[in-house]
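Observations on the model geometry
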Amino acid sequence: MDAFDLSRRLAAEALGTGILVATVVGSGIMAETLTKDVALALLCNTLPTGAILVVLITVLGPISGAHFNPAVTLVFTGKRELPVNEAAFYVIAQIGGGAIGTLVAHLMFAHPLIDLSMKVRTGGAQWFAEAVAAFGLVVTILAGIRFQRAAVPWLVGLYITAAYWFTASTSFANPAVAIARSLTNTFSGIRPADLPGFIVAELCGAFAGMLLMNWLLGRHEVRGPVAIAETHS
């Protein structure tokens, strides 16, 4: 990331978030067009989302870190790996890019540019599910960076693919994507009024994931047979 200036990193964050949202919204519209089976429509929404994450993180990760998610950006700021002022610009780029992604999806399918969602997504179970989704995403990212950095694109794509199905909220896990999805009254939408609960839950889940991994991945003295032998040598 040090090889790219802030403007290029912000462009990568906006582009990646925009393509991600266009994929989520566009595949949802396509699914609604092709089938009335809700389970099949969800599957049609899930697979492109997981797939595009692998692509986007692989090609844009070397530029900006491929956060595409304010919760992830705040985690790296909390870990002191991204300055606060740059994090603020990252979040703005992600939200702006995500909104443009919704507009692009609408244009491709001849929908009104902005069509605020009326899809209700609220309640304790949904909020808890979002916290779980964001928690798992952060755990996946931080552990992946530590142990299998090259596999992170696949790990994130596979995690989101799974989380679409095991969480009651279908795993938004991303405040910027949630905001963008409030602008579409289609399969993937969320009422603007339901955004605060989702965003707070996502941030809480991400923070909890960071705290756990800070402890779990912390370097501790090894007290196994090898270490004991070295101590007495």
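Calculation rules
- Residues numbered from 1 in each chain as written.
- Predicted model: local features only at pLDDT ≥ 70, side-chain atom pairs only at ≥ 80, totals over all residues.
- Heavy atoms only, no water.
- Helix = DSSP H or I, 4+ residues; strand = E, 2+ residues; numbered from the N terminus.
- Contact = heavy atoms within 4.5 Å.
- Buried < 20%, exposed > 50% of the residue type's maximum accessible area, 1.4 Å probe, protein only.
- Polar contact = N/O pair within 3.5 Å; in protein donor to acceptor, adjacent residues only side chain to side chain.
- Core = buried A, V, L, I, M, F, W, Y, C linked by side-chain atoms within 4.5 Å.
- Axes fitted to C-alpha atoms, helices over the stretch in contact; angles between N-to-C directions.
- Parallel < 35°, antiparallel > 145°, perpendicular 65-115°, else oblique.
- 1 Å grid on protein atoms, 1.4 Å probe; cavity = no way out; pocket = protein on both sides within 12 Å on 5 of 7 lines; lining within 4 Å.
- Points joined across faces, edges and corners; volume = space filled by probe spheres on them.
- Nonpolar A, V, L, I, M, F, W, Y, C, P; charged D, E, K, R; others polar.
- Salt bridge = Lys/Arg side-chain N within 4 Å of Asp/Glu carboxyl O.
- pLDDT = per-residue confidence, 0-100.
- Phe/Tyr/Trp six-rings, centres within 6.5 Å; stacked < 30°, edge-to-face > 60°.
- Lys NZ or Arg CZ within 6 Å of the ring centre and 35° of its normal.

**A word on the side chain of Thr 140**
For Thr 140, the location among the structural elements is in helix H5 (residues 124-147). Leaving out residues up to four positions away in the same chain, Thr 140 has contacts with Leu 155, Val 156 and Tyr 159.

**A few points about the environment of Tyr 164**
With respect to the element layout, Tyr 164 can be found in helix H6 (residues 152-166). Tyr 164 gets classed as buried once you look at its relative accessible area, which sits at 2%. Considered as a pair, Tyr 164 and Pro 48 are 116 residues apart in the sequence and their alpha carbons are 12 Å apart. Among all residues touching Tyr 164, those that are not within four sequence positions of it are Val 24, Leu 42, Asn 45, Thr 46, Thr 49, Thr 170, Ser 171 and Arg 181. Side chain to side chain, Tyr 164 and Thr 49 meet in a polar contact 3.3 Å long.

**What about the nonpolar core?**
Of all hydrophobic cores here, the largest spans 41 residues; its most connected members are Leu 20, Leu 137, Leu 142, Val 156 and Ile 160. Those elements that place two or more of their residues in this core are helix H1 (6-34), helix H2 (38-64), helix H3 (70-78), H5, H6, helix H7 (175-181) and helix H8 (195-216). Those residues in contact with Leu 137, other than ones at most four positions away along the chain, are Asn 69, Val 72, Val 156, Tyr 159, Ile 160 and Ala 173.

**Overview of the packing of H3 against helix H4 (residues 84-108)**
The N-to-C vectors of H3 and H4 enclose an angle of 170°; their axes lie 9 Å apart at closest approach. Viewed along their axes, H3 and H4 adopt a mutual orientation that is roughly antiparallel. Together, Pro 70, Thr 73 and Thr 77 of H3 and Val 84, Ala 87, Tyr 90, Val 91 and Gln 94 of H4 make up the contact between the two elements.

**Some remarks on the layout of surface pockets**
Considering only enclosed or pocket space, the largest pocket measures out at about 950 Å³ in volume. Every residue lining the largest pocket is counted, 41 residues in all, and those nearest its centre are Gly 65, Phe 76, Ile 141, Ile 145 and Val 152. Of all the secondary structure elements, the ones that give two or more residues to the lining of the largest pocket are H1, H2, H3, H5, H6, H7 and H8. Taken together, the residues of the lining of the largest pocket sort by class into 26 nonpolar, nine polar and six charged.

**Let's talk about unusual backbone geometry**
With a phi angle near 65°, Arg 80 is a residue other than glycine that sits in the positive phi range. Its place among the elements puts Arg 80 in the loop between H3 and H4. Of note, the phi angle at Ala 110 is positive, near 55°, even though the residue is not glycine. Position of Ala 110 among the secondary structure elements: in the loop between H4 and H5.

**Structural notes on the pattern of salt bridges**
Under the defined criterion, the tally for this structure stands at three salt bridges. For Asp 194, the salt bridge is made with Arg 191, and the minimal N-O distance between the two is 2.8 Å. Here Asp 194 falls in the buried class, since its relative accessible area comes to 4%. By relative accessible area, Arg 191 is classed as partly exposed at 29%.

**What to know about the confidence of the model for the protein**
Parts of the prediction with low pLDDT should not have their coordinates interpreted in detail. Looking at the protein as a whole, its pLDDT mean stands at 93, while 93% of the residues score no less than 70. For residues 220-233, every residue scores under 50 in pLDDT, and the model assigns this stretch four contacts once sequence neighbours within four places are set aside.

**Some words on the packing of aromatic side chains**
If you walk through the whole model with that rule in mind, you get two aromatic pairs. Where Tyr 159 meets Phe 166, the ring centres are 6.2 Å apart and the plane angle is 75°; that geometry is what we call edge-to-face. Look at Tyr 159 and you get buried, because its relative accessible area is 12%. Since its relative accessible area comes to 49%, Phe 166 is described here as partly exposed. For the ring pair Phe 172 and Phe 198, a centre distance of 5.0 Å and an interplane angle of 70° mean the geometry is edge-to-face. With Phe 172 in the loop between H6 and H7 and Phe 198 in helix H8, the pair connects residues that are 26 residues apart, well separated along the chain. The pair formed by Phe 172 and Phe 198 is uniform in burial state, with each residue classed as buried. Over the aromatic face of Phe 187 sits the side chain of Lys 119, whose NZ or CZ is 4.6 Å from the ring centroid.

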